[in-house]
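The primary structure of each chain is shown beneath.
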Amino acid sequence: APSQGSVRMVEVPAGATSEEMARSLATKYTELGDFYFRANRFPDAAEAYGKARGYAPDDAPLHFVLADAAFASGDYHYAAFVIGEGLRIDPALATANTDKRAFYGEPQTFAAQMRSLDGYLARKPYDAHGHLVRGYNLRFSGDREGAEAAFARVLEIEPDNRPARTFLTALREPARAADDR
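Residues numbered from 1 in each chain as written. Predicted model: local features only at pLDDT ≥ 70, side-chain atom pairs only at ≥ 80, totals over all residues. Heavy atoms only, no water.

Let us now look at the packing of helix α5 (residues 107–123) against helix α6 (residues 128–139). One way to put it is that α5 packs onto α6 with a least axis distance of 10 Å and a crossing angle of 150 degrees. Considering the angle they form, α5 stands roughly antiparallel to α6. Crossing handedness for the pair α5 and α6: left-handed. Within the contact between the two elements, α5 uses F110, M114, L117, D118 and L121 and α6 uses G130, H131, V133, R134, N137 and L138. (Axes fitted to C-alpha atoms, helices over the stretch in contact; angles between N-to-C directions. Helix = DSSP H or I, 4+ residues; strand = E, 2+ residues; numbered from the N terminus. Parallel < 35°, antiparallel > 145°, perpendicular 65-115°, else oblique. Left-handed = near helix turned anticlockwise from the far one by under 90°. Contact = heavy atoms within 4.5 Å.)

Structure representation (structure tokens):
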């Protein structure tokens, strides 16, 4: 029994398998990450999503929310890495229809983060990972043409960049991208 004053964070049913326990913990950490993200506590969100990823390493959408928190924290290289991992697990995520601006507690926060990324890329124009993160964010905020240009820029810098190629295929040939699932 917990000592007086302690809090039990996660209720796990007696007799739960390790897989059920991992799934439960991943869900709890994802919910915590979502709470932190909406509260603009992006480093805390990234930490919570990272813990969730440890319990659910094959959950492709979880990689994308972790990438969102990493981007929001200014960690563009880690964001690019987990975007790539998410697409490696499920390339069909490149065709998802979502507007990530809705995930923010305040819509202007996303715009400010994009300005920060654009400033970073102005200083480091040959950073393929930064351009990948830019394309990803444009793709999931309704700017298809901007996303295509950003992914094309990634391929100019790094011709074998698989995530950029996956996104470009999804943007330019949606029917083919759906067939590749």
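The rest of the description comes next.
A word on the side chain of H131. Within the secondary structure, H131 is located in helix α6. In contact with H131, not counting residues within four places along its chain, are L121, P125, A150, R153, V154 and I157.

Of all hydrophobic cores here, the largest spans 48 residues; its most connected members are F71, I83 and F167. Top element by residues in this core is helix α3 (residues 60–72). It accounts for nine residues. Those residues in contact with F167 that sit more than four places away from it in its chain are F64, I83, L87, A94, Y136, R139, F140 and F151. (Core = buried A, V, L, I, M, F, W, Y, C linked by side-chain atoms within 4.5 Å. Buried < 20%, exposed > 50% of the residue type's maximum accessible area, 1.4 Å probe, protein only.)

Packing of α3 against helix α4 (residues 76–89) leaves a shortest axis separation of 8 Å and a crossing angle of 170 degrees. Considering their axes alone, α3 and α4 lie roughly antiparallel with respect to each other. Of the residues in α4, those touching α3 at A60, H63, F64, L66, A67, A70 and F71 are Y76, Y78, A79, V82, I83, E85, G86, L87 and I89. Across the contact of α3 with α4, the residue classes tally to 13 nonpolar, two polar and one charged. (Nonpolar A, V, L, I, M, F, W, Y, C, P; charged D, E, K, R; others polar.)

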